[in-house]
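One letter stands for each residue in the lines below.
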There are 2 protein chains.
Amino acid sequence: MKKIVTISREFGSGGREIGKRLSDVLNLAYYDEEIIAEISKETGLSEDYINNISEKGIYPVAFNFGRTFASFGNLQLNQTEILVKQQNVLKKIADKGDCIIVGRGADITLKDYNTMNIFVYSDMESKIKRCKYKAKEDEKLTDKELEKKIIQINKDRKKFHNLISNLEWGDRNNYNLCINTSEIEIKEIIPAIAEYIERWFRRKI
Amino acid sequence: MKKIVTISREFGSGGREIGKRLSDVLNLAYYDEEIIAEISKETGLSEDYINNISEKGIYPVAFNFGRTFASFGNLQLNQTEILVKQQNVLKKIADKGDCIIVGRGADITLKDYNTMNIFVYSDMESKIKRCKYKAKEDEKLTDKELEKKIIQINKDRKKFHNLISNLEWGDRNNYNLCINTSEIEIKEIIPAIAEYIERWFRRKI
């Protein structure tokens with residue numbers, strides 16, 4: 001059985017770190033921003049632009065064509081087309097073999113692939129703490145500003161999810177495991193999650 | 001740090017089995033129906049009667065006094081009083097030491113005890129399969145009857161939860177880990193959950 005793990009995550013909850021660490025421990029290919037890069041390559045649109053659409057479910061105001069613009073024939077590419085491209089990229093990735101995919105609605109797009117779906121979340125205090133810890137020196141925000149940013153990004157992710165699915169983003173019923181990372185140091189729980197994943201894929205159906 | 005694990009669970013999802021097996025592996029005291037027996041002992045009301053109130057959040061129609069009725073002085077014990085007794089029993093249990101408590105709203109009642117809270121759930125198909133597997137020869141129900149029973153019991157648990165808390169029963173934000181047992185053989189995932197619990201209690205706060 002192919003092992004494909006999707007990780008959906010609230011912004012600030014450490015979902016990406018979980019994905020990266022699990023891919024190391026389980027020796028699985030890891031996809032996150034790589035998906036954006038691939039779509040950018042295929043379409044000639046800038047990664048920033050793709051990123052804006054990729055998990056937001058809204059059509060961004062500013063167009064942001066990438067450097068490969070000249071080689072890109074169709075200027076009319078709209079949000080739906082980008083999302084279709086994203087879904088194709090996700091399927092190509094899944095067809096390649098075992099992997100961990102973070103975000104991009106992979107749980108929905110790959111629902112026929114027998115993926116194991118994880119949702120990572122945490123309380124606001126932990127989210128703010130994590131964002132502050134990861135922030136570069138030149139992008140320090142106050143707690144209030146951070147909270148506003150976190151709420152907005154998670155609202156966007158929810159919207160994006162509703163665009164591609166009838167299932168509610170973050171509804172536990174759509175996931176095989178939901179992990180609350182409040183007050184937790186991610187690396188400490190990785191071995192247990194890794195073992196859970198191994199066992200989940202060995203399960204009898 | 002005291003290790004108290006609470007397990008809330010949808011009926012039919014294998015939550016009790018998870019609790020029992022974890023208590024063996026982790027060498028923790030286990031409480032489930034023991035709580036009912038203790039309240040029954042304290043009040044003189046029958047275990048059936050307590051059980052009816054314990055997780056339903058409704059006042060049952062039929063009174064069902066137990067054998068120790070004669071030694072019980074107060075006939076006016078109402079639902080609220082039973083629930084208060086239940087909460088006292090839960091606190092007594094938690095004060096005793098490390099343990100796993102299944103159901104009875106322990107996650108809410110013991111919120112000041114730094115408990116680790118787990119929610120166990122599954123899809124209806126798995127619930128029906130599990131119930132059928134566990135059913136005694138003389139209580140075989142059809143799939144339809146089972147589904148009706150499962151939905152009703154889970155409705156009752158939700159109602160009970162709403163009675164003692166403003167938090168929504170099954171809302172992932174109230175739990176540290178939510179485990180979907182659909183298509184899973186419980187005993188296979190126990191070592192991974194046990195390790196997760198061990199690591200969770202070792203976490204830095």
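Within each chain, residue numbers correspond to sequence positions counted from 1 in written order. Lettering of chains starts at A and numbering of ligands starts at 1, both following the order in which they are written. Per-residue local features of the predicted model are confined to residues with pLDDT of at least 70, and side-chain atom pairs are confined, for both listing and counting, to 80 or more; whole-chain, interface and lining totals are unaffected and use all residues. Hydrogens are left out, water is left out, and the side-chain values use all remaining heavy atoms of the structure.

Novice: What should I look at first to understand the interface of chain A and chain B in this one?
Specialist: Often the size quoted for an interface is simply the accessible area lost on bringing the parts together. Residue-level contacts link 27 residues of chain A with 27 residues of chain B. Taken together, both faces of the contact between chain A and chain B bury some 2,700 Å²; the carbon and sulfur share is 47%. Sorting the residues of chain A by area buried against chain B places R172, Y196 and R199 of chain A first, and these three jointly supply 24% of that buried surface. By convention in these notes, a salt bridge is any Lys or Arg side-chain nitrogen within 4 Å of a carboxyl oxygen on Asp or Glu. In this structure, R172 of chain B and E10 of chain A form a salt bridge, with 3.3 Å as the shortest nitrogen-oxygen distance. Within 3.5 Å is the distance limit for a polar contact, defined as a pair of N or O atoms, with the added protein rule that one can donate a hydrogen and the other accept it, and that residues adjacent in sequence qualify only through two side-chain atoms. Seen at the junction of chain A and chain B, the total is 15 residue pairs in polar contact (both at pLDDT 80 or more). Counting from the N terminus, the helices are DSSP H or I runs at least four residues long and the strands are E runs at least two residues long. Here the side of chain A that touches chain B gets 9 residues from one element, more than from any other, and that element is helix α8 (residues 186-201) of chain A. Note on pairing: DSSP must find at least two bridges between two strands before they are called paired. Pairing geometry for strand β5 (residues 177-180) of chain A and strand β5 (residues 177-180) of chain B, over 3 bridges, is antiparallel. Bridging from a neighbouring strand, L177 of chain A pairs with I179 of chain B of β5 of chain B. By definition in these notes, contact holds between two residues if any of their heavy atoms fall within 4.5 Å. Summed over both partners, the accessible area lost on bringing two parts together, with a 1.4 Å probe, is the buried area.

Novice: Which parts of the structure should I look at to understand the relation of the copies chain A and chain B?
Specialist: The second copy of the chain is related to the first by a rotation about an axis and a shift along the axis. By a simple turn and slide, chain A fits onto chain B: the slide is 0.0 Å along the axis, the RMSD is 0.0 Å, and the turn is 180°. Accordingly, the operation relating the two chain copies is best matched by a two-fold axis. Most of the interface of chain A is mirrored in chain B, where 100% of its interface residues again form contacts. Copies overlap after least-squares fitting; the atoms used are the C-alpha atoms of residues with pLDDT of at least 70 in both.

Novice: What is the right way to look at the sheet that holds strand β4 (residues 116-121) of chain A in this model?
Specialist: Strands in a sheet are paired, the pairing made by backbone hydrogen bonds, and the direction either parallel or antiparallel. What the 10 strands build is an open sheet, ordered β2(A)-β3(A)-β1(A)-β4(A)-β5(A)-β5(B)-β4(B)-β1(B)-β3(B)-β2(B); its pairing is mixed. Either end of the sheet is taken by a strand with one partner, and the two such strands are β2 (29-31) of chain A together with β2 (29-31) of chain B. On average, each strand axis in the sheet is inclined to that of its neighbour by 15°, with strand direction left out of account. The sheet contact formed by strand β1 (residues 4-9) of chain B and strand β4 (residues 116-121) of chain B spans 5 bridges and is parallel. Counterpart to T6 of chain B in the pairing with β4 of chain B is N117 of chain B. Here, axes are lines fitted to C-alpha atoms. For helices the fit covers the stretch in contact, and angles between N-to-C directions go from 0 to 180 degrees.

Novice: Would you mind going over α8 of chain A with me for this structure?
Specialist: For the α-helix, the turn length of 3.6 residues means that residues three or four positions removed from each other point alike. All names here are of chain A. Helix length check: α8 (16 residues) gives 22 Å between terminal C-alpha atoms against 22 Å at 1.5 Å per residue, within 8%. Take the seven residues that end at a residue and the seven that start at it, fit an axis to each, and the angle between those axes is the bend at that residue. Along its length, α8 reaches its greatest deviation from straightness, about 25°, at A192. For every residue, the accessible area obtained with a 1.4 Å probe (protein chains only) is divided by the maximum for its type, and the residue is called buried under 20%, exposed over 50%, and partly exposed between those limits. Buried within α8 are the following residues: I186, I189, I190, A192, I193, A194, Y196, I197, R199, W200 and F201. Multiplying one less than the number of residues by 1.5 Å gives the expected span of a helix.

Novice: How should the nonpolar core be read in this particular structure?
Specialist: Within soluble globular proteins, side chains that are nonpolar tend to cluster in buried spots. Residues belong to a common nonpolar core when they are buried Ala, Val, Leu, Ile, Met, Phe, Trp, Tyr or Cys residues joined through side-chain atoms within 4.5 Å. Membership of the largest hydrophobic core comes to 50 residues, with the highest contact counts inside it found for L22, I118 and Y196 of chain A together with L22, I118 and Y196 of chain B. Every residue in contact with I118 of chain B, bar those within four places of it in the chain, is listed here: V5, T6, I7, S8, Y175, L177, I179, I193 and I197 of chain B.

Novice: Can you help me understand the packing of helix α1 (residues 15-26) of chain A against α8 of chain A in this one?
Specialist: Two numbers describe a pair of packed helices, the interaxial angle and the distance between the axes. Residue and element names in this part refer to chain A. Across the interface, α1 lies against α8 with an axial gap of 9 Å and an inter-helix angle of 60°. Looking at the two axes, α1 sits oblique to α8. In the packing of α1 onto α8, the handedness of the crossing is right-handed. Contacts between α1 and α8 involve E17, I18, R21, L22, V25 and L26 from the first element and I186, K187, I189, I190, I193, A194, I197 and E198 from the second. Oblique is the label for any angle not under 35 degrees, not over 145, and not in the 65 to 115 range, which are roughly parallel, roughly antiparallel and roughly perpendicular in turn. Handedness of a crossing follows from how the near helix is turned relative to the far one, being left-handed for an anticlockwise turn of less than a right angle and right-handed for a clockwise one.

Novice: Please clarify how unusual backbone geometry should be interpreted in this entry.
Specialist: Leaving glycine out, the prevailing phi sign among residues is negative, and the prevailing peptide bond configuration is trans. Residue and element names in this part refer to chain B. The residue N114 is not glycine, and still its phi comes out positive at about 55°. Along the chain, the position of N114 falls in the loop between α5 (106-109) and β4. Even without being a glycine, E183 presents a positive backbone phi close to 60°. Within the fold, E183 resides in the loop between β5 and α8 (186-201).

Novice: Looking at this structure, I do not really get the packing of aromatic side chains. What am I missing?
Specialist: A ring pair, where both rings are aromatic, is described by two values, the distance of the centres and the angle of the planes. Put simply, two rings from Phe, Tyr or Trp (the six-membered ring, in Trp's case) pair if the centres are within 6.5 Å, and we call them stacked under 30 degrees between planes, edge-to-face over 60, tilted for the rest. The final tally for this structure, using the stated rule, is 8 aromatic pairs over all chains. Directly above the aromatic system of Y121 of chain B lies the positively charged group of R172 of chain A, at a separation of 5.0 Å from the ring centroid. Each ring is checked for a lysine NZ or an arginine CZ that lies within 6 Å of its centre and within 35 degrees of its normal; such an atom marks a charge sitting over the ring.

Novice: Whenever I open this one, the pairing of β1 of chain B confuses me. Can you help?
Specialist: Sheet faces and side chains relate simply in a regular strand, where the side chains alternate between the two faces. Residue and element names in this part refer to chain B. Where burial is concerned, most of β1 is hidden: 6 out of the 6 residues are buried. Bridge analysis of β1 against strand β3 (residues 99-102) gives 4 bridges, and the strand direction is parallel. Its bridge partner lying in β3, I7 is registered against V102.

Novice: Where do I start with the side chain of N176 of chain B in this structure?
Specialist: Inspection of the secondary structure assignment puts N176 of chain B in the loop between α7 (143-164) and β5. Apart from residues lying up to four places away in sequence, N176 of chain B is in contact with Y121, C178, I179 and N180 of chain A together with T115, M116, N117, Y196 and W200 of chain B.

Novice: Help me understand the environment of E34 of chain A in this model?
Specialist: Residue and element names in this part refer to chain A. Structurally, E34 is set in helix α2 (residues 33-43). By relative accessible area, which is 38% here, E34 ends up partly exposed. E34 sits 67 residues away from I101 along the chain, and the two C-alpha atoms are 9.7 Å apart. At 2.6 Å, the side chain of E34 and the backbone nitrogen of D32 are in polar contact.

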